[in-house]
Amino acid sequence: MSKTYLLTGGAGFIGRHLSSELLAHGHHVRVLDNLLEQVHGPSPLGLPPEIELIRGDIRDPEAVSAALHGVDGVFHLAAEVGVGQSMYEIARYVGVNDLGTAVLMEQLIARPVERLVIASSMSVYGEGRYVTPDGRPAAGRRSNGRNDLGWDPLLDDVTPLKPVPTDETKEPDLASIYALTKYTQERSCLIVAAAYGFQAVALRLFNVFGPGQALSNPYTGVLANFGSRLLNGQRPLVFEDGQQRRDFVHVRDVATAFRLAMETPGVAGEVFNIGSGHSYTVEAVARMLAKAMRRDRLAPDIMGKARSGDIRHCFADITKARQRLGYRPAHRLEDTLDELAEWISRSTAADRGDHAKRELEQHGLVA
Ligand SMILES: NC(=O)c1ccc[n+]([C@@H]2O[C@H](COP(=O)([O-])OP(=O)(O)OC[C@H]3O[C@@H](n4cnc5c(N)ncnc54)[C@H](O)[C@@H]3O)[C@@H](O)[C@H]2O)c1
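What you see is a predicted model; the values in this text were computed from it and never measured.

K.L.:
What is the right way to read the overall build of the protein chain from this model?
P.N.:
Tallying secondary structure elements over the protein chain gives 12 helices and 18 strands in all. Whereas a compact globule of 367 residues would reach a radius of gyration of roughly 21 Å, the protein chain reaches 20 Å, a difference of no more than 12%. Here the protein chain, with 367 residues, has 56% of them falling under the buried criterion. Residue pairs at least 24 apart in sequence account for 81% of intrachain contacts in the protein chain once pairs closer than 6 positions are excluded. Total accessible area computed for the protein chain in this model is approximately 15,600 Å², and 50% of it derives from carbon and sulfur atoms.

Now the structure itself:
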């Protein structure tokens, strides 16, 4: 049955792909987005004519109330996105992410919908799950970046722990202001929905990649950052030793996951990891992308420095989403890099990676 959905932040990277997914399934799409310049540049791209765009701020109760009129469900994607930047633009991140979500909640109390799906983040976990060499679970902690044996969290200061897939039962361990705001967003939605009798589902997204990610925004999207550097003849900037592992999930799989989270019965109040179920080192993805872009000579610049608030390894256990949502990621990184490289080569992007790194250094957030 055709429904009307509101996507807050729907003009962004994930929102555009989710809009296409919903339109392809016969739904009506409305977007509330302030077209933030850091993401969209000075002259934002338009949206397809079948999408209704309300240009407005998620913190503006009147704009949110108008956007909710006649809506069956809401996908809440509007956010300031960037771990490093959140550590010095604190009021800005807390303002948009937490106050913005609070305003949305108050308006939803007045105009309830059937279901709200919120874009949460793997950042709420902090470090992922680890085991000892003999397979016992252990908390992965490191005081500040490098230790005497390298960069991995250690057991009793001597033995490196082994990273294993992280499931939704891992306790949150918030290591940045961005992570704190994503956790507050997630909990606010689940708490208010339960109290007022509408449904909410949270998706903890891992590293989302694919065509359409803002290449000139240096604060988010590791593959987009590498792509922008390579496009401009620069080596990708890699923190630590490049052996940190992440889970890269294609944006089309994420869009499908959002639709499934909206449509699947019996999942209200639940939290789901949305990743690919595979892990890659950051150095390997820098090399893979350079190869796909035919710029192999631009080897990653392994900086040997850690960013404050960064974690070593985290990749997803997606069993719960597979079982409860029927989620089946279909676009593996190695099979889709040519498509990404082709999209990057058609883009123009000012590379601002050095600028973002300098900002972190000026704030004493790189060691
Ligand atoms: N991309 C990832 O890897 C990733 C990973 C985990 C979670 N997420 C979450 O997914 C969501 C979407 O991320 P994305 O990658 O599409 O980011 P994005 O920056 O491309 O999109 C965010 C959108 O929100 C809009 N926005 C920002 N502030 C706003 C405000 N005050 N009012 C209205 N709109 C505002 C921006 O203009 C932008 O269009 C975010 O909530 C993000 O935290 C993304």
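Anyway, onward from the coordinates.
K.L.:
Explain the pairing of strand E5 (residues 115–121) here, please?
P.N.:
The side chains of a regular strand alternate, residue by residue, between the two faces of the sheet. For E5, the tally of buried residues reaches seven of seven residues, placing the bulk of the element in the interior. Burial of E5 is two-sided: the residues Arg115, Val117, Ala119 and Ser121 facing one way and the residues Leu116, Ile118 and Ser120 facing the other way are all buried. With four bridges joining them, strand E4 (residues 73–76) and E5 adopt parallel strand pairing. Along E5, the bridge assignment pairs phenylalanine 75 with valine 117. Pairing geometry for E5 and strand E11 (residues 199–205), over seven bridges, is parallel. Within the sheet, the bridge partner assigned to alanine 119 lies in E11 and is leucine 203.

K.L.:
Mind showing me how you'd approach the domain arrangement of the protein chain here?
P.N.:
What the domain assignment reports for the protein chain is domain 1 (4–128 + 166–362) and domain 2 (129–163). The straight-line distance from the C-alpha centre of domain 1 to that of domain 2 is 28 Å. Contact with domain 1, which involves 17 residues of that partner, is made by 10 residues of domain 2. In terms of surface lost to domain 2, no three residues of domain 1 exceed Glu127, Arg312 and His313, which account for 35% of the buried area on that side. Taken together, domain 1 and domain 2 are joined by three salt bridges. Here domain 1 and domain 2 share eight residue pairs in polar contact (both at pLDDT 80 or more) between them.

K.L.:
Hey, could you run me through the pairing of E11 in this one?
P.N.:
With six of its seven residues buried, E11 lies for the most part within the structure. For E11 and strand E16 (residues 271–274), the ladder comprises four bridges, and the chain directions are parallel. Within E16, the residue paired with leucine 205 across the bridge is isoleucine 274.

K.L.:
I would appreciate a short explanation of the site of the ligand in the present structure.
P.N.:
Surrounding the ligand, one finds 30 residues, the nearest of these being Phe13, Asp33, His40, Tyr178 and Lys182. A distance of 2.9 Å separates an oxygen atom of the ligand from a polar backbone atom of leucine 77. Within the complex, the protein chains bury 96% of what would otherwise be the 820 Å² of accessible surface of the ligand. Breaking the shell around the ligand down by element, the ones donating at least two residues are helix H1 (13–24), helix H2 (37–40), E5, helix H6 (177–196) and strand E12 (207–209). Top contributing element to the shell around the ligand by residue count: E5, with three residues. Within the shell around the ligand, the residues separate by chemical class into 17 nonpolar, nine polar and four charged.

K.L.:
Even after reading the chapter, I still don't get the packing of helix H7 (residues 222–231) against helix H9 (residues 282–292), so can you show me in this structure?
P.N.:
The geometry of a pair of packed helices is captured by two quantities: the angle between their axes and the separation between those axes. Where H7 contacts H9, the two axes come as close as 10 Å, and the packing angle between them is 45°. Overall, the two elements H7 and H9 adopt an arrangement that is oblique. The two elements H7 and H9 cross, and the hand of that crossing is right-handed. Residues Leu223, Phe226, Gly227 and Leu230 of H7 form the contact with H9, whose own contacting residues are Val282, Val285, Ala286, Leu289 and Ala290. Residues belonging to the contact of H7 with H9 are distributed by class as follows: eight nonpolar, one polar and no charged.

K.L.:
Is there a simple way to think about the packing of aromatic side chains in this case?
P.N.:
The description of two aromatic rings rests on the distance between their centres and on the angle between their planes. Within the structure shown, the criterion is met by four aromatic pairs. Both rings, one in phenylalanine 75 and one in phenylalanine 258, keep their centres 6.1 Å apart while their planes meet at 75°; by these two values the pair is edge-to-face. Within this pair, whereas phenylalanine 75 is found in strand E4, its partner phenylalanine 258 is found in helix H8 (residues 251–263), the two being separated by 183 residues in sequence. There is no split in this pair, since phenylalanine 75 and phenylalanine 258 are both buried. Plain terms: the ring middles of phenylalanine 248 and tyrosine 280 are 6.3 Å apart, the flat faces sit at 65° to each other, and that makes the pair edge-to-face. Of this pair, phenylalanine 248 sits in strand E15 (residues 248–250) while tyrosine 280 is found in strand E17 (residues 280–281), placing the two residues 32 residues apart along the sequence. For the pair formed by phenylalanine 248 and tyrosine 280, the shared burial category is buried. Taken together through their ring pairs, the aromatic side chains of Tyr5, Phe75 and Phe258 make up a single cluster.

Conventions we followed
- Residues numbered from 1 in each chain as written.
- Predicted model: local features only at pLDDT ≥ 70, side-chain atom pairs only at ≥ 80, totals over all residues.
- Heavy atoms only, no water.
- Helix = DSSP H or I, 4+ residues; strand = E, 2+ residues; numbered from the N terminus.
- Rg over C-alpha atoms; globule rule 2.2 N^0.38 Å.
- Buried < 20%, exposed > 50% of the residue type's maximum accessible area, 1.4 Å probe, protein only.
- Contact = heavy atoms within 4.5 Å.
- Areas by Shrake-Rupley, 256 points an atom, 1.4 Å probe, with all protein chains shown as cover.
- Pairing = 2+ DSSP bridges.
- Domains from an automatic or database assignment.
- Buried area = accessible area lost by both parts, 1.4 Å probe.
- Salt bridge = Lys/Arg side-chain N within 4 Å of Asp/Glu carboxyl O.
- Polar contact = N/O pair within 3.5 Å; in protein donor to acceptor, adjacent residues only side chain to side chain.
- Near = heavy atom within 4 Å.
- Nonpolar A, V, L, I, M, F, W, Y, C, P; charged D, E, K, R; others polar.
- Axes fitted to C-alpha atoms, helices over the stretch in contact; angles between N-to-C directions.
- Parallel < 35°, antiparallel > 145°, perpendicular 65-115°, else oblique.
- Left-handed = near helix turned anticlockwise from the far one by under 90°.
- Phe/Tyr/Trp six-rings, centres within 6.5 Å; stacked < 30°, edge-to-face > 60°.

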